[in-house]
Structure formats: C-alpha cells, structure tokens
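Topology and contacts: notes
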Amino acid sequence: MALGMASPTAAALSLDPETTVSAPGQNVTSWETAASRDTSRAVALWRRFDGSHERIQARNLEAGTWGPTAILSPSTGDGGSPQVAMSASGTTAVAVWKLETGGTSIIQARWFNNGSWGPLQQIGSDVAAADPEVDITDDGDTALVVWRNGTGADRVIRAAWGHHGAWDAPSGLTSAGTDSVTPDVDLSGDGSRAVAIWRRYAGGVYSVEATEWAGSTWSPPQWLSASAQTSSAEVGITDTGAVAAWIEVRDGTYRVLSSRRSAGNWSQESVLSPAGSNAYTPMLVTRGSAASLVWSREVGGIRIVEASADSGSGWSAVQVLSRPGESSYDPHVSVSSDTASAMAVWTVAAGLDRKVTASRYANGVWETASEISSVGQLAGNPVIHVNATATSGLGFWRGRDGSVALLRTTRVTDQAEGGTGPLEGPLRPAAVSRLRTHITKSHVRITWRSAADATSYRVVLKKRGKDGSRVRVVRVLRTKFAVTSGRFRVTVAGLGAGGRGPAVSKSFRVPRR
C-alpha cells in the first residue's frame, strides 16, 4: 500500500445520521472504541462523573442498534484510562481501566461475550498501576494487557495474559529502577506473537525500548531510539516482525521516526516527517507485512495531515491528506484486509468551530476530504474502524452540546463503488424504495420495497420534540407502531452480510382525534 503519490479525486462518501453514544447531558472526559472486522458490531467505552466518582461506562452496537448503557467500574473509586479490544467476529471483547481508591491505583477488567458483560475482575495486585493497553486475538479466546506500575525511578512495565475470561499472574517486562513509562502492545491474530513498547529513562532522556513474545517467553528489551527525548511510541505486529513509530525531539524539532523488526532485531530508525518543522501525534496501523502511518505537522502557521506506508521494502513518499489552508490535526487511519484501501479521519479547525473530516484511499488515490461531523459541535479526537474492503467504516469523535462533551458516531460509506476497484466479500445493502406511511386510528403502518443484498431491515421512528427513538429490526417489508398525535419521522435501512445500507427517511403528521 503506497498511501498516496497520486492527486486527490472527488469525494464519494455518504453518511448515516449521527448518533450520540454517550448519555445526553453527561460529560465524557475520555473514551475508546473497538469494532468487529466487518464493523457490524462495536463497543464504546467512556469515562464520566456520576456526582461522586468517575465511572467507566459502555455500550455495544449490534445489527445497527446501540444497546443500553452498562456501568463497568464500581462506585468505590474513580475509574480512568479506559481501553477496549474486540475479536474479529465482534462476539467477544475485553475492557480494562485503572481504578483509583484513596492512595492506590489498580487495574480492573470485564469480558464481553455475546451481548453481555461478565463479572468485575482485578488483574494482579499492583497498587500503583496506570496507563493500561489491551489487545485480543481474532477468536477472542486470549487477551494481553500491559501497564505501568510504580512511582518515580521505580516505575516498571507489567503484562498479564487473559484466557477464556480468566487472568494469569502478571509478569514484569522491565526491571525495578529502570523508570519505564507509557507502554503500548500489539498481539497477533492467532496469539502466537506479541510486541510491547515503552519509553525508558536513560542518559537524561526517555528513549524507546521494546520486547517480543514468540510463544513462550519475552525477549530481552532492545533499544530502538538514540539518545534523544521521545514521546507517542506505538507498535504493530507484521507477518515477519513488527513496526514501531514515535516522536523524537532533536535540536528543538519534533520528528516522526520509525523502526522495523525482522529476524529478531530492530533496524536503525528512519526519519519520516519532512525536515524543518514540528510533527505530532503519529498513528500507526499494521496488517500483513504492511504498515501505514499518519501524523500532523506544522507548516506555514497551521497544521497539515500527512501519511506514508511501508509494504516491507521501505516507506513511501509522504503525501498530504488535508485540504489546503485548513489547520488539521489528530489523524487516525484504518486499512482494508489486503492493505490496498484505507480510510483516514482528522480534526479541522475552522474559526471557532471544530469538525471531523474523512478521506478514502483506493486504486492509489486519496479522495478529496469531506466532513463527517456537524459543524458547530466542536468535534475532535476522531477514530475510524473500516470493514475488510475499507468501503465502509464506523467513525467516532468527541462532540459538544454546550459545555458537555459527548461521544458521537456515524457510518461512513464510499458510494462510488465503480471507482474503488473490485469488491471482496458481501456487498452493502442498497437503499429501500417506495417508503410509505399509512395512518390508522391508533397506529402508523410503514411499508417499503425490498433492497438488494438486504436480509432484514432496521426501522427507526422518532417523534419531533421527544428524546429517544423506537427501533426494531424486521425481516418483512412492513411494520407498524402505535402512535398519538404529533409529527414523526421514520427511517428505514437494509441490513445484510455487508453491513447496513443507506438510510431512507420520510416525515409524516398524525392529526389530533
């Protein structure tokens, strides 16, 4: 995957209506999401204050519908740093977080299986734990958590394996006195390999260090970076090793660096961001032997979003994804199974507004970016999860309702299928047609014509001026709802193996009787 080197083409992204995942009026201070490989299932975690403590809450997406909110952390302390990973099918997930109680900080977890959360668990007995990161195998049977424990120069990196909902005793990846911080981890789909990365204090700076699990034990840690201050270290497994990326501060300039692991050794680091200006927030994703990387960089008084990729033979030329003249930052990227396509999202500052922008990559071309969030909501910190062909993805971001931060989402779909090359796997359902409403004395009957590649239909009824909606999934071409007088809007979308199809809506009025 070259991630660029061609001029942008016209955008062809369509959007489902935005949805607020978190509870209205309740401020979200941090959040994480994960999705199944076809993006039909997802889990969202967030942190909010309940009046006494910070609580970790969650919702899951199934067949186009978000389930009820679950409270994962106990009321005995303050939850923080939520993290979540999901199996390829989306039937299993694991959530982890830290819980601060008095002067202690522990790591807690819950497993998610077939629509419900399991019992609360504590991982290990560390009492100064922070910064958990988690990953899970494709089948959902095995998970791996890493975190930092201790204070000051005694900070160390710890790891614990989870199997079928139970946790092994933790082990240390670094030794006491190494002052190691900010871990990251990636686990192979079959669970046979893992790589953990962190920053360790040495010679007056925090440099990057890493270790690999090859089925039986962790390798001795190896240095990846030279004697310079670092931040934002990330790592990803490849078929033959791993790729790492981080920020290095040298001679007053922030630069994006990378190293590739092969045959048990890390290569000399490569400088990826162009010289002469500061680069920030690298985001790395790996699949097969390939790696893709996006970051933001200061140019001419604004920030731009850039990308590069390495298919195993070296990093491609850097390409700008953001639109000219727009200050753009916080990029995130997700790639297709064959690494030939991708979607990227980032934040754009437009005066006092903040909006989320997206672009799709296919056939060697990045489409011209287009907005996926509503302007005026101070949107930011976006992520994207794409399906196997990167023709559809779930986007998440932080939105605003006055002073309250909310977790928002939409489905992003490339409608120009003729320009994306041959599709693999199931097709996304087409739009329904002839959506009709028939009002009786006590009900509204809703009918429509079938949509290609749809096996069922999601029907949403919303009354103007009322919170919430009524949602049902049916396999026939009709349904009915009990209604009183007022104005309503009904939305119907096909569901199938390829995800959810475009939404078709119709407004109607029920007169007073």
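Up top you'll find the structure we're talking about.
Source: prediction; values computed, not measured. (Residues numbered from 1 in each chain as written. Predicted model: local features only at pLDDT ≥ 70, side-chain atom pairs only at ≥ 80, totals over all residues. Heavy atoms only, no water.)

In this section: the overall build of the protein chain. Scanning the protein chain for helices and strands turns up zero helices and 46 strands. The C-alpha atoms of the protein chain give 23 Å as radius of gyration, which agrees with the globular expectation for 513 residues (24 Å, within 12%). Seen along its three principal axes, the alpha-carbon backbone of the protein chain occupies a region of about 80 × 55 × 45 Å. Burial analysis of the protein chain (513 residues in total) assigns 54% to the buried set. Taking as baseline every contact in the protein chain between residues at least 6 positions apart, the subset at least 24 positions apart corresponds to 47%. As displayed, the protein chain offers around 20700 Å² of accessible surface, 48% of which is attributable to carbon and sulfur atoms. (Helix = DSSP H or I, 4+ residues; strand = E, 2+ residues; numbered from the N terminus. Rg over C-alpha atoms; globule rule 2.2 N^0.38 Å. Buried < 20%, exposed > 50% of the residue type's maximum accessible area, 1.4 Å probe, protein only. Contact = heavy atoms within 4.5 Å. Areas by Shrake-Rupley, 256 points an atom, 1.4 Å probe, with all protein chains shown as cover.)

What follows covers the pattern of salt bridges. Opposite charge on two side chains permits pairing when their charged atoms draw close. Applying the stated rule across the entire model yields 19 salt bridges. Two residues, Arg193 and Glu212, come together in a salt bridge whose shortest N-O distance is 3.2 Å. Here Glu212 lies in strand 20 (residues 205-213) and Arg193 lies in the loop between strand 18 (180-187) and strand 19 (194-202), a separation of 19 residues in the sequence. For Glu212, a relative accessible area of 13% gives the class buried. Linking Arg261 and Glu212 is a salt bridge whose minimum nitrogen-to-oxygen distance equals 2.6 Å. Of this pair, Arg261 sits in strand 24 (residues 253-262) while Glu212 is found in strand 20, placing the two residues 49 residues apart along the sequence. On the accessibility criterion, Arg261 (6% relative accessible area) is buried. Overlapping salt bridges, with partners in common, bring together Arg323, Glu326, Lys355 and Glu371 in one network. (Salt bridge = Lys/Arg side-chain N within 4 Å of Asp/Glu carboxyl O.)

Here we take up unusual backbone geometry. Unlike most non-glycine residues, Thr39 shows phi in positive territory, near 65°. Within the secondary structure, Thr39 sits in the loop between strand 3 (30-35) and strand 4 (41-49). For Thr39, a relative accessible area of 0% corresponds to the buried category.

A word on the sheet that holds strand 21 (residues 222-223). Spatially, the four strands line up as an open sheet ordered 18-19-20-21, and their pairing is antiparallel. On the outer flanks of this sheet lie strand 18 and strand 21, each paired with one strand and no other. Of the pairings in the sheet, the one linking strand 20 to strand 21 comprises two bridges and is antiparallel in character. Of the residues in strand 21, the one forming a bridge with Ala210 is Gln222. (Pairing = 2+ DSSP bridges.)

The biggest cluster of nonpolar side chains holds 18 residues, and the ones touching the most others in it are Ile446, Trp448, Tyr457, Val459, Val490 and Val492. Sorting the residues of this core by element identifies strand 40 (443-449), strand 41 (456-463), strand 44 (486-496) and strand 46 (504-510) as the ones contributing at least two each. The residues touching Val492, leaving out its near neighbours within four places in the chain, are Val432, Leu435, Trp448, Tyr457, Arg458, Val459, Pro502, Ala503 and Val504. (Core = buried A, V, L, I, M, F, W, Y, C linked by side-chain atoms within 4.5 Å.)

This part covers the environment of Ile123. Among the secondary structure elements, Ile123 is positioned in the loop between strand 12 (121-122) and strand 13 (129-136). Separated by 47 residues in the primary sequence, Ile123 and Pro170 place their C-alpha atoms 7.6 Å from one another. Those residues within four positions of Ile123 in sequence are excluded, and the remaining contacts are Val96, Ile107, Ala109, Val145, Trp147, Ala160 and Trp167.

In this section: the side chain of Arg458. Within the secondary structure layout, Arg458 lies in strand 41. Separated by 3.3 Å, the side chains of Arg458 and Thr65 make a polar contact. Residue contacts for Arg458: discarding those within four places in its chain leaves Ala63, Gly64, Thr65, Val471, Arg472, Val473, Thr491, Val492, Ala493, Leu495 and Arg500. (Polar contact = N/O pair within 3.5 Å; in protein donor to acceptor, adjacent residues only side chain to side chain.)

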